[in-house]
Amino acid sequence: AQKVTQAQTEISVVEKEDVTLDCVYETRDTTYYLFWYKQPPSGELVFLIRRNSFDEQNEISGRYSWNFQKSTSSFNFTITASQVVDSAVYFCALKRETSGSRLTFGEGTQLTVNP
Amino acid sequence: DTEVTQTPKHLVMGMTNKKSLKCEQHMGHRAMYWYKQKAKKPPELMFVYSYEKLSINESVPSRFSPECPNSSLLNLHLHALQPEDSALYLCASSRPPSLAGGGTDTQYFGPGTRLTVL
């Protein structure tokens, strides 16, 4: 069985603070894929990043960065200098190589950035 | 262009109505998906079409009937829904997994249809 845990249900920060969203996953597969999606109040899930299990390089995209550590089964997401527009629900998701199209989502983290 | 469009944005229907949700993508993707999302919960997969054929039905009640008329369009026909079916319905598309079931590609989501069943 596979599972994704986002232990932080809600996080509230003040603009310009840095914030890290945690994601811990469980899978017995050696090949798998990890994703982060952003869901603003409008409802659309916006794709942010995909990582495969063989690529442990961390990634930075503007104010966003991701830290993938297989040793701790974690794929954490950091927003630097947060902005009000970052307020959204963020989902971490896992897909097995052999699961067809099924994504296993975490429960999501509601991030609120206050001015 | 990673755009998936959905219509309508909002839909209110009675339990005896018949309505349809529509989804369209022009990214050349050959896999399309319907998800249901309740408030404060992650999306739940309902159906997957791969090359216009239904490949996954996650035991969805028959009052939901999917249709894939061509590679760009995906419909969800609704009939005799219950109030508990009220939710955000999301469509997504991707390149399909390999025929062996492996591989993956990113799913791109539409803005969703907020459905209220009275």
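Refer to the preceding data block for the structure.
Residues numbered from 1 in each chain as written. Chains lettered and ligands numbered in written order. Predicted model: local features only at pLDDT ≥ 70, side-chain atom pairs only at ≥ 80, totals over all residues. Heavy atoms only, no water.

Participant: Describe in detail the overall build of chain A, supporting the description with residues and values.
Facilitator: Along chain A, the regular secondary structure elements total zero helices and twelve strands. Secondary structure elements in chain A, listed N-terminal to C-terminal, are β-β-β-β-β-β-β-β-β-β-β-β. Whereas a compact globule of 115 residues would reach a radius of gyration of roughly 13 Å, chain A reaches 14 Å, a difference of no more than 12%. By the burial criterion, 49% of the 115 residues in chain A qualify as buried. Sequence-distant contacts, at least 24 apart, represent 56% of the contacts inside chain A between residues at least 6 apart. For chain A, the distance from the average position of its 11 positive side-chain charges to the average position of its 14 negative side-chain charges is 7 Å. (Helix = DSSP H or I, 4+ residues; strand = E, 2+ residues; numbered from the N terminus. Rg over C-alpha atoms; globule rule 2.2 N^0.38 Å. Buried < 20%, exposed > 50% of the residue type's maximum accessible area, 1.4 Å probe, protein only. Contact = heavy atoms within 4.5 Å. Lys, Arg positive; Asp, Glu negative; His and termini not counted. Charge placed at Lys NZ, Arg CZ, Asp CG, Glu CD.)

Participant: For the environment of A:Leu111, give the residues involved together with the corresponding values.
Facilitator: Residues and elements named next belong to chain A. Looking at where Leu111 falls in the secondary structure, it is placed in strand S12 (residues 109-114). Spatially, the C-alpha atom of Leu111 lies 5.2 Å from that of Ser87, the residues being 24 residues apart in sequence. Apart from the residues lying within four places of it in its own chain, the contact partners of Leu111 are Ile11, Val13, Val19, Ile79, Asp86, Ser87, Ala88 and Tyr90.

Participant: Explain the state of the cysteines residue by residue, including any values.
Facilitator: What we call a disulfide is simply a covalent bond connecting the sulfur atoms of a pair of cysteines. For the coordinates displayed, the defined rule picks out two disulfides over all chains. Two residues share a disulfide in this structure: A:Cys23 and A:Cys92, whose sulfurs sit 2.0 Å from each other. Here the S-S torsion is close to -65°, and the disulfide linking A:Cys23 with A:Cys92 is therefore left-handed. With A:Cys23 in the loop between strand S3 (19-21) and strand S4 (24-26) and A:Cys92 in strand S10 (residues 88-96), this residue pair connects regions lying 69 residues apart in the sequence. Residue A:Cys23 is classed as buried on the basis of its relative accessible area of 0%. For A:Cys92, a relative accessible area of 0% gives the class buried. A sulfur-sulfur distance of 1.8 Å marks the disulfide that ties B:Cys23 to B:Cys91. Torsion about the S-S bond of the B:Cys23 and B:Cys91 cystine: about -70°, corresponding to left-handed handedness. Placement of B:Cys23 in strand S3 (residues 18-25) and of B:Cys91 in strand S9 (residues 87-94) is noted, with a sequence separation of 68 residues between them. (Disulfide = S-S within 2.5 Å.)

Participant: Explain the pattern of salt bridges to me, using residue names and the numbers behind them.
Facilitator: Under the definition given, this model contains eleven salt bridges over all chains. The shortest N-O distance in the salt bridge between B:Asp105 and A:Arg50 comes to 3.2 Å. Residue B:Asp105 is located in the loop between S9 and strand S10 (108-109), and its partner A:Arg50 is located in strand S6 (residues 46-52); the two belong to separate chains. With a closest N to O distance of 3.5 Å, A:Glu107 and B:Lys41 form a salt bridge. One end of the pair, A:Glu107, is in the loop between strand S11 (104-105) and S12; the other, B:Lys41, is in the loop between strand S4 (31-37) and strand S5 (44-50), on a second chain. Residue B:Lys41 is classed as partly exposed on the basis of its relative accessible area of 41%. Residues joined in a network through salt bridges with shared partners are A:Arg50, B:Arg95 and B:Asp105. (Salt bridge = Lys/Arg side-chain N within 4 Å of Asp/Glu carboxyl O.)

Participant: Any details on the nonpolar core? Residues and values, ideally.
Facilitator: Among the nonpolar cores identified, the biggest contains 24 residues, and A:Trp36, A:Trp66, A:Phe77, A:Tyr90 and A:Leu111 are the most heavily contacted of them. Secondary-structure elements contributing two or more residues to this core are strand S2 (10-14), S3, strand S5 (32-39), S6, strand S8 (64-69), strand S9 (74-79), S10 and S12 of chain A. When residues in this core are grouped by element, the largest group, four residues, is from S10(A). B:Trp34, B:Val60, B:Leu76 and B:Tyr89 belong to the second-largest nonpolar core, a separate cluster that totals 23 residues. (Core = buried A, V, L, I, M, F, W, Y, C linked by side-chain atoms within 4.5 Å.)

Participant: So what about the sheet that holds S3(B)? Which residues, and what values?
Facilitator: Residues and elements named next belong to chain B. Strand order in the open sheet formed by four strands is S1-S3-S8-S7, and the pairing between neighbours is antiparallel. Looking at which strands have only one partner, the edges of the open sheet turn out to be strand S1 (4-7) and strand S7 (64-70). Across the sheet, the axes of successive neighbouring strands diverge by a mean angle of 20°, strand direction being ignored. (Pairing = 2+ DSSP bridges. Axes fitted to C-alpha atoms, helices over the stretch in contact; angles between N-to-C directions.)

Participant: Can you explain the pairing of strand S6 (residues 53-57) of chain B? Please cite residues and give values.
Facilitator: All names here are of chain B. As defined by bridge partners, S5 adjoins S6 across four bridges and the pair is classed as antiparallel. In the sheet register, Ser50 faces S6, and the bridge partner there is Lys53. The antiparallel hairpin formed by S5 and S6 contains two residues in its connecting segment, where Tyr51 sits at a positive phi of about 55°.

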